[in-house]
Amino acid sequence: MKGFIRIISMLMVLSLSFVVLTAQEDSTMTTDGHVFEIAVREIVDMEGFEALSGELQALLQEQAGYIGNLQYTTFFSLAPEMAEGQVYAVGITEWESIEAYEASQTLMDNQTVVDYLATIETVQNVVVEPFVIGEQITLDDFPQVGEVFEVAIRDLSSYENPIHFLRTVRGFTDVLGEEEGVLREYEWLSVDGQYFVGMTRYADMEAFGSASQSETVFGSPATSLLFAQYPPIVAQITTRNE
């Protein structure tokens, strides 16, 4: 436990250092307290899932503090491996606060929610805030239809040196960000401090394909180090649902 607390303290210090640098460029940044639920799941009953999604959406819209939801379908899964016939999806839900999210958990006994959950297998569910304190992100900032969205989740509690991990991530994203068609990087920390979530937004399938075969990216020492020492527990390549 002491080691985990030390990790969180180190992450907070590093996050604050990013804030100082970023704030020099954007003096309007404020913390709004919004949190995002990232739900990665396998859909085991597509017919039931599609039939109940609308009912679930209507139920969520009645909840105080619910802002909205986006759905992405996975076309390639690095982790876990996706067997033929499996369908993975990523849902992004925005809440006004962690309290609003927690209050929504009372819906777990609602029959619509019970039936909906029976159509999926949860791969990973995390509630996150922007890693850089004060960075404002809304659902409007997420990839649109036709773009490609990469989501990678890593468990920080398993790392001996989280600062080295973060420096490695920074080296990787710096190189990747130079590729044509890479539009944006998003970095998040789960509210319990255990998970780091990295996301990449690509302009289209061509941009993703080019970056994924780039000798500059995959010849970088930072890339080799990141995937050798810090492999993601979940890594999904997705496109937004219509």
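Below is a short write-up of the structure. (Residues numbered from 1 in each chain as written. Predicted model: local features only at pLDDT ≥ 70, side-chain atom pairs only at ≥ 80, totals over all residues. Heavy atoms only, no water.)

**Details of the overall build of the protein chain**
Looking only at helices and strands, the protein chain features eight helices and eight strands. Put simply, the protein chain has 242 residues, and 46% of those count as buried. For the protein chain, the proportion of contacts with a sequence separation of at least 24, taken over those separated by at least 6, is 83%. For the protein chain, the accessible surface area stands at approximately 12300 Å², while carbon and sulfur atoms represent 52% of it. (Helix = DSSP H or I, 4+ residues; strand = E, 2+ residues; numbered from the N terminus. Buried < 20%, exposed > 50% of the residue type's maximum accessible area, 1.4 Å probe, protein only. Contact = heavy atoms within 4.5 Å. Areas by Shrake-Rupley, 256 points an atom, 1.4 Å probe, with all protein chains shown as cover.)

**Some details on the layout of surface pockets**
Computed from the structure, the largest pocket encloses a volume of approximately 660 Å³. Glu-37, Arg-41, Leu-56, Leu-60 and Tyr-116 are, among the 33 residues lining the largest pocket, the residues nearest its centre. Elements that contribute at least two residues to the lining of the largest pocket include exactly strand E1 (35-43), helix H2 (46-61), strand E2 (66-79), strand E3 (88-95), helix H3 (98-104), helix H4 (111-117) and strand E4 (120-130). Per-element accounting of the lining of the largest pocket gives the leading share, seven residues, to H2. Residue classes in the lining of the largest pocket are distributed as 18 nonpolar, twelve polar and three charged. (1 Å grid on protein atoms, 1.4 Å probe; cavity = no way out; pocket = protein on both sides within 12 Å on 5 of 7 lines; lining within 4 Å. Points joined across faces, edges and corners; volume = space filled by probe spheres on them. Nonpolar A, V, L, I, M, F, W, Y, C, P; charged D, E, K, R; others polar.)

**A closer look at the packing of aromatic side chains**
Going through the model one piece at a time under the given rule, you end up with 18 aromatic pairs. Ring geometry for Phe-142 and Phe-149: centres 5.9 Å apart, planes at 85°, overall edge-to-face. Measuring from centroid to centroid gives 5.5 Å for Phe-142 and Tyr-186, while their planes differ by 10°, and the two rings are stacked. Highlighted residues: Phe-142 in the loop between E4 and strand E5 (148-155) and Tyr-186 in strand E6 (residues 182-190), separated in sequence by 44 residues. Assigned by exposure class, Phe-142 and Tyr-186 land together as buried. (Phe/Tyr/Trp six-rings, centres within 6.5 Å; stacked < 30°, edge-to-face > 60°.)

**Section: the pattern of salt bridges**
Scanning all chains against the criterion turns up four salt bridges. One network of salt bridges, in which partners are shared, links Glu-135, Asp-141 and Arg-184. (Salt bridge = Lys/Arg side-chain N within 4 Å of Asp/Glu carboxyl O.)

**Quick notes on the environment of Glu-206**
Within the secondary structure layout, Glu-206 lies in helix H6 (residues 205-212). Considering only alpha carbons, one finds Glu-206 and Glu-147, 59 residues apart in sequence, at a separation of 9.6 Å.

**Regarding a nonpolar patch on the surface**
A cluster of nonpolar side chains, contributed by Phe-75, Phe-76, Leu-78, Met-205, Phe-218 and Phe-227, occupies part of the molecular surface with about 560 Å² of accessible area. Element by element, the count of residues in the nonpolar patch is highest for E2, at three residues. Summarising the element assignment, Leu-78 is placed in strand E2. Overall, the relative accessible area of 44% leaves Leu-78 in the partly exposed class. (Patch = residues over 30% accessible without salt bridge, like charges linked within 9 Å, V, L, I, M, F, W, Y side chains within 5 Å.)

**Some remarks on the side chain of Ser-77**
Summarising the element assignment, Ser-77 is placed in strand E2. At a separation of 2.3 Å, a polar atom in the side chain of Ser-77 contacts the main-chain carbonyl oxygen of Pro-80. Looking at Ser-77, its side chain comes within polar contact range of the side chain of Gln-236, at 2.7 Å. Filtering out sequence-adjacent residues up to four positions away, Ser-77 remains in contact with Met-82, Tyr-88, Ala-235 and Gln-236. (Polar contact = N/O pair within 3.5 Å; in protein donor to acceptor, adjacent residues only side chain to side chain.)

**Section: the sheet that holds E5**
Note: strands within a sheet are paired through backbone hydrogen bonds, in either parallel or antiparallel orientation. The antiparallel closed barrel is built from eight strands, whose spatial order is E1-E3-E2-E8-E5-E7-E6-E4. Pairs of neighbouring strands in the sheet enclose a mean axial angle of 35°, with direction left out of account. In this sheet, E3 lies alongside E2 in antiparallel orientation, the contact comprising seven bridges. Looking at the pairing, Tyr-72 lines up with Val-90 of E3. (Pairing = 2+ DSSP bridges. Axes fitted to C-alpha atoms, helices over the stretch in contact; angles between N-to-C directions.)

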